[in-house]
Amino acid sequence: MDADPSVAHKLLRGGGKRDQALSIRPKSMAKKDILPWLVQFARTDVRELAAGPPGDIPNLVYRLRSWLDLEPDEPLSAEVQKLEGNVSQIGRLIAAMRGLLQTVADRTRFEVRYRQGGVILDSSKLGTEGGRALSYRDATLRDAVLRVALDDIYENAQRALRIKRCADSQCRQIFFAERPDQTYCDHTCANRTASRRYRERHGRERADQAHERYKASIHERQAGAVVRRIPRKYH
Ligand SMILES: [Zn+2]
């Protein structure tokens, strides 16, 4: 963790009563890492997370805090900290994020109603790397997560268009494309689709040849007979 002078200042100002762990603020996530991380977060399988190595949940919560970049004295900071013991709440946040990012991937509409809350613009942070200029107060954690994600998507519209859905029909997961023309989330999906296309093409060729042989054998017995063919699907 970096020795940020503002953290030291807050620790002093906050006094000894505040839990020190809550007052230490993770380094804010680099802007270029945000959208890929949001996709990774939205793709997280909560059951795997719960069953996985014990470090996975604190690690995810740390990255969530680093992305949200909450002031240590924001009420939501304490709520985020409690997430480590509340996997089902993590699951709800992941589901909310997935709902949002799927509409981005599908280029459709997303609508959310905020419960209540306020927003603060800290103009001294405008245009700087690290430290969000906007902070939200009194909203629920879900509202804050969605609002901050909406900000990030809107502010980085060109990169947000790299949030796509995998073209493999068995996968259809959202992913962050490393290249603008990438259509599959990984090599496995690209290879699976390629081999399925190969089988389709060659399966059809083989079926055509078999049908021609069958037609010829019928015509040997009965010249001019109409040989019908039942259409088949190839998977
Ligand atoms: Zn895929």
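Here is a short report on the structure shown in this document.

Each value, and the rule that gives it
- Residues numbered from 1 in each chain as written.
- Predicted model: local features only at pLDDT ≥ 70, side-chain atom pairs only at ≥ 80, totals over all residues.
- Axes fitted to C-alpha atoms, helices over the stretch in contact; angles between N-to-C directions.
- Helix = DSSP H or I, 4+ residues; strand = E, 2+ residues; numbered from the N terminus.
- Parallel < 35°, antiparallel > 145°, perpendicular 65-115°, else oblique.
- Left-handed = near helix turned anticlockwise from the far one by under 90°.
- Contact = placed C-beta atoms within 7 Å.
- Nonpolar A, V, L, I, M, F, W, Y, C, P; charged D, E, K, R; others polar.
- Expected span 1.5 Å × (residues − 1).
- Buried ≥ 20, exposed ≤ 12 C-beta atoms within 10 Å, placed from the backbone.
- Arc of directions from axis to C-beta.

1. Remarks on the packing of helix H7 (residues 87-105) against helix H8 (residues 141-155)
So, step 1. One can describe the packing of H7 onto H8 by two numbers: an axis separation of 10 Å at closest approach and a directional angle of 30 degrees. Considering the angle they form, H7 stands roughly parallel to H8. Once H7 is placed against H8, the crossing between them reads as right-handed. Here Arg-92, Leu-93, Ala-96, Met-97, Leu-100 and Val-104 of H7 come into contact with H8, specifically with Leu-141, Arg-142, Val-145, Leu-146, Ala-149 and Ile-153.
So, step 2. When grouped by side-chain class, the residues that make up the contact of H7 with H8 number 10 nonpolar, no polar and 2 charged.

2. Brief notes about H7
So, step 1. Here H7 spans 26 Å end to end across 19 residues, near enough to the 27 Å set by a 1.5 Å rise per residue.
So, step 2. Regarding H7, the residues found buried are Ile-90, Leu-93, Met-97, Leu-100, Leu-101, Val-104 and Ala-105. Within H7, the buried residues cover an arc of 140 degrees as seen down the axis, which keeps them to one side.
So, step 3. Turning to H7, the residues buried within the fold contact helix H3 (31-42), helix H4 (46-51), H8, helix H9 (157-160), strand E3 (163-165) and strand E4 (174-176).
So, step 4. Taken from the residues just after H7, Arg-107 is the one with a positive phi, measuring 55 degrees.

3. Section: the packing of H3 against H7
So, step 1. Their axes nearest at 8 Å, the elements H3 and H7 cross at an angle of 120 degrees. On the basis of their axis angle, the class for H3 and H7 is oblique. Crossing of H3 against H7: the hand is left-handed. Of the residues in H7, those in contact with Leu-38, Val-39, Phe-41 and Ala-42 of H3 are Ile-94, Met-97, Arg-98 and Leu-101.
So, step 2. Considering only residue class, the contact of H3 with H7 consists of 7 nonpolar, no polar and 1 charged.

Taken by themselves, the reported measurements are silent on function.
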